[in-house]
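Residue-level listing of the chains:
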Amino acid sequence: MKLKIALLAGDGIGPEISREGVKVMTAVCRRFGHEVEFVSALVGAAAIDAVGDPFPEETYNVCRDADAVLFSAVGDPRFDNRPDLKVRPEQGLLAMRKKLGLFANIRPVATFASLIHKSPLREDIVSGADFVCIRELTGGMYFGEKYESDDHAYDTCAYTRGEIERILKVAFDYARRRKRHLTVVDKANVLASSRLWRKVAQEMSRETPDITTDFMYVDNASMRMIQDPRFFDVMVTENTFGDILTDEGSVISGSMGLLPSASIGEGTPVFEPIHGSWPEAAGKNIANPLAQILSVAMLFEHFGPAEEGECVRKAVDASMEAGVSTPDIAPDPSKAVGTDAVGTWISDFIAAER
């Protein structure tokens, strides 16, 4: 297999965790005889500083021509609390999703046996939790008509039947590969857009009787995720609800630095950690690279070779069992290691494992 990877390190800790993702991906390719080429491009605040655009055309071209994008993070405190600014780093991420036609975000939520004690939930509640959140990415309020003045503002949550059908198809496909249980999350008791979601989902569920489909209001789903996370198998929802619920789900494992995600659709797929740029930690070699590294596992699995993805997951599990961890999850903080040490340990494990 030959892969051309667009490398978008972005801002804050992005370049540091990106290096570890490259390190691990290179180790996997060497072990399994694949070829990989990395092409770097600017995004976020780094791109604004360089060319005034958080997702410049050159970056889009690099992404378009690649087999996949390995993305890290965007965001810079210089742009925070500045509603007057018209150009922001996060716009680069939204533009990438829109221009590449990435309408589905796949975000697994799983616990790790060696880190159950780090979860804010009791072990008897969280142990064994393993579900997937599927979020619609290119519709809803984030992309709807907007207006803002000094005393009036609105964001329009608009969806078409076609947009809903295509994300639900992804969700039903994922449910079929797992435990055949799909939960559709909406606010159909209040919102017209949610009533269309529910109507379309009910129609599609009648055509897929092999999948158990249930419906849950978003407020109930947010509570159920904390009270009984093992209830869920595959969850699907619209853009804004999905943004909130996936971040809520991410802390179940004990650290946002542990979970990867994939954004798929019409164009080049993007694989990225779920966390932000954490600019306060930039350059300190303390950022957890595991979510970035697990994004590499998802990347390989997207293209079919399950063995390669499993190899990465095994190495990540082994690193945590061995206590080779950054300060956020280290069993003994006095023995925590740096970002680069975690990536090197995992890469060496992959190279030596047979």
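Notes on the structure in this doc start here. Please read these numbers as outputs of a predicted model, since none were measured by experiment.

1. Looking at the overall build of the chain
The helix and strand tally for the chain stands at 12 helices and 12 strands. For the chain, the spread of C-alpha atoms along the principal axes amounts to about 55 × 50 × 40 Å. In the chain, which comprises 354 residues, the proportion classed as buried is 53%. In the chain, 75% of the contacts between residues at least 6 apart in sequence involve partners at least 24 apart. Across the chain, the centroid of the 39 positively charged side chains sits 3 Å from that of the 53 negatively charged ones.

2. As for the sheet that holds strand S8 (residues 181–186)
Strand order in the open sheet formed by 10 strands is S2-S1-S3-S12-S11-S4-S5-S10-S8-S9, with mixed pairing between adjacent strands. Strands with a single pairing partner mark the edges of an open sheet, and in this sheet they are strand S2 (35–40) and strand S9 (212–217). Strand-to-strand, the axes of this sheet are offset by a mean angle of 25°, without reference to chain direction. Bridge count for strand S11 (residues 260–264) against strand S12 (residues 270–273) is four bridges, and the pairing is antiparallel. Bridged to Pro-260 within S12 is Pro-273. Across the face of the sheet, helix H4 (residues 90–99) comes into contact with strand S1 (2–10), strand S3 (68–73), strand S5 (130–136) and S12 while running at roughly 165° to S3. Across the sheet, helix H10 (residues 290–302) lies against S1, S3, strand S4 (104–110), S11 and S12, angled at about 155° from S12, the strand it touches most.

3. Here we look at the pattern of salt bridges
Opposite charge on two side chains lets them pair, provided their charged atoms get close. Taken as a whole, this structure holds 22 salt bridges when the rule is applied. A salt bridge links Asp-76 to Arg-78, with the nearest nitrogen and oxygen atoms 3.0 Å apart. Exposure remark for Asp-76: the relative accessible area of 19% places this residue in the buried category. Here Arg-178 ties to Asp-233 by a salt bridge, and the two come within 2.8 Å at their closest N and O atoms. Linking Arg-178 in the loop between helix H6 (161–177) and S8 with Asp-233 in the loop between helix H8 (218–227) and strand S10 (234–237), this pair joins segments that are 55 residues apart in sequence. By relative accessible area, which is 1% here, Asp-233 ends up buried.

4. Side note on the pairing of S3
For S3, a buried count of six out of six residues is recorded, marking the element as mostly surrounded by other parts of the structure. Note: S1 against S3, five bridges, orientation parallel. Paired with Ile-5 across the two strands is Ala-68, which belongs to S3. Strand direction decides the pairing type here: S3 and S12, joined by two bridges, are parallel. Residue pairing in the sheet places Val-69 in a bridge with Val-270 of S12.

About the cut-offs
Residues numbered from 1 in each chain as written. Predicted model: local features only at pLDDT ≥ 70, side-chain atom pairs only at ≥ 80, totals over all residues. Heavy atoms only, no water. Helix = DSSP H or I, 4+ residues; strand = E, 2+ residues; numbered from the N terminus. Buried < 20%, exposed > 50% of the residue type's maximum accessible area, 1.4 Å probe, protein only. Contact = heavy atoms within 4.5 Å. Lys, Arg positive; Asp, Glu negative; His and termini not counted. Charge placed at Lys NZ, Arg CZ, Asp CG, Glu CD. Pairing = 2+ DSSP bridges. Axes fitted to C-alpha atoms, helices over the stretch in contact; angles between N-to-C directions. Salt bridge = Lys/Arg side-chain N within 4 Å of Asp/Glu carboxyl O.

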